[in-house]
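Coordinate inspection notes
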Amino acid sequence: MDWMEQMRNGCAKCGATGVGMTMSMYNEDMICMACKAKEKKRPDYDQAVNRDLTEYAGRLDERGMTAQAANVRKAAAYRAAFVKE
Ligand SMILES: [Zn+2]
């Protein structure tokens, strides 16, 4: 299922439709902002964000975008050290 289809089907967690949606940090599910707020309270949320950033940096490297990948890795390291959501 692509993300457009997911948007039409509503939130993958609670089924809400016609609301703002975003992608989960844990998988490729589209979820509503209320479920996103709950996700942010999970104790492993920061790890999930850092994993997502690290994967993104890897994809940039694969495309030869090494400077951008280095910046994403720096952002992930900064986040891990200082940011608590
Ligand atoms: Zn929801």
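Residues numbered from 1 in each chain as written. Predicted model: local features only at pLDDT ≥ 70, side-chain atom pairs only at ≥ 80, totals over all residues.

1. Structural notes on the overall build of the chain
To keep things clear, this is the line we draw: Per the convention used, a helix needs a DSSP run of H or I reaching at least four residues, while a strand needs a run of E reaching at least two, with both numbered from the N terminus. The burial criterion counts other C-beta atoms lying within 10 Å of a residue's C-beta, which is placed from the backbone; the residue is buried at 20 or more, exposed at 12 or fewer, and partly exposed between these limits.
Within the chain, the secondary structure is distributed over four helices and two strands. When the elements of the chain are put in sequence order from the N terminus, they spell out α-β-β-α-α-α. The dimensions of the chain, computed from C-alpha atoms along their principal axes, are 40 × 30 × 15 Å. Looking at the chain as a whole, 9% of its 85 residues qualify as buried.

2. Details of the domain arrangement of the chain
Note the cut-off: Throughout the structure description, domain borders are defined by an automatic or database domain assignment. With C-beta atoms placed from the backbone, a contact is any residue pair whose C-beta atoms sit within 7 Å. Side-chain classes follow a simple rule in which Ala, Val, Leu, Ile, Met, Phe, Trp, Tyr, Cys and Pro form the nonpolar group, Asp, Glu, Lys and Arg form the charged group, and the remainder, Gly included, forms the polar group.
By the assigned domains, the chain splits into domain 1 (3-40) and domain 2 (45-82). For domain 1 and domain 2, the distance between their C-alpha centres works out to 23 Å. At the interface, four residues of domain 1 touch four residues of domain 2. The residue inventory of the side of domain 1 that touches domain 2, partitioned by class, reads two nonpolar, no polar and two charged.

3. A closer look at the environment of Ile-31
If you trace the backbone, Ile-31 turns up in strand 2 (residues 30-32). The exposure class of Ile-31 is buried, given the 25 C-beta atoms found within 10 Å. Considered as a pair, Ile-31 and Gly-58 are 27 residues apart in the sequence and their alpha carbons are 25 Å apart. For Ile-31, the contacting residues outside a window of four places in its chain are Cys-11, Ala-12, Lys-13, Met-21, Thr-22, Ser-24 and Lys-36.

4. Here we look at the packing of helix 3 (residues 45-62) against helix 4 (residues 66-82)
To characterise two packed helices, one gives the angle between the axes of the helices and the distance between these axes. Short version of the rule: Every axis corresponds to a line fitted to the C-alpha atoms, with the helix fit spanning only the stretch in contact, and the corresponding angles, defined between N-to-C directions, vary from 0 to 180 degrees. Should an angle fall under 35 degrees it is called roughly parallel, over 145 degrees roughly antiparallel, and 65 to 115 degrees roughly perpendicular, with every other angle called oblique.
In contact at an axis separation of 8 Å, helix 3 and helix 4 are set at 170 degrees when each is read in the N-to-C sense. The pairing of helix 3 with helix 4 is recorded here as roughly antiparallel in orientation. Contacts between helix 3 and helix 4 involve Val-49, Asn-50, Leu-53, Thr-54, Tyr-56, Ala-57, Leu-60 and Asp-61 from the first element and Thr-66, Gln-68, Ala-69, Val-72, Arg-73, Ala-75, Ala-76, Arg-79 and Ala-80 from the second. Here the contact of helix 3 with helix 4 is composed, by residue class, of ten nonpolar, four polar and three charged.

5. Some points on helix 3
Stated precisely, the cut-off is as follows: Multiplying 1.5 Å by the residue count of a helix minus one yields the expected span of that helix.
The first and last C-alpha atoms of helix 3 sit 26 Å apart over 18 residues, in line with the 26 Å expected at 1.5 Å per residue. Positive backbone phi, approximately 80 degrees, marks Gly-64, located one or two places after helix 3.

6. Brief notes about the nonpolar core
Test applied: We define a nonpolar core as a collection of buried residues of the types Ala, Val, Leu, Ile, Met, Phe, Trp, Tyr and Cys that are connected via C-beta atoms lying within 7 Å of each other.
Listed in full, the six residues of the largest apolar core are Cys-11, Met-21, Met-30, Ile-31, Cys-32 and Cys-35. With three residues, the single largest contributor to this core is strand 2. With residues near it in sequence (within four places) discarded, Cys-35 still touches Cys-11, Lys-13 and Cys-14.

7. Some remarks on the environment of Gly-20
Mapped onto the elements of the fold, Gly-20 is located in the loop between helix 1 (3-9) and strand 1 (21-23). In this structure the C-alpha to C-alpha distance between Gly-20 and Cys-32, which are twelve residues apart in sequence, comes to 5.8 Å. In contact with Gly-20, other than residues within four places in its own chain, are Cys-32 and Met-33.

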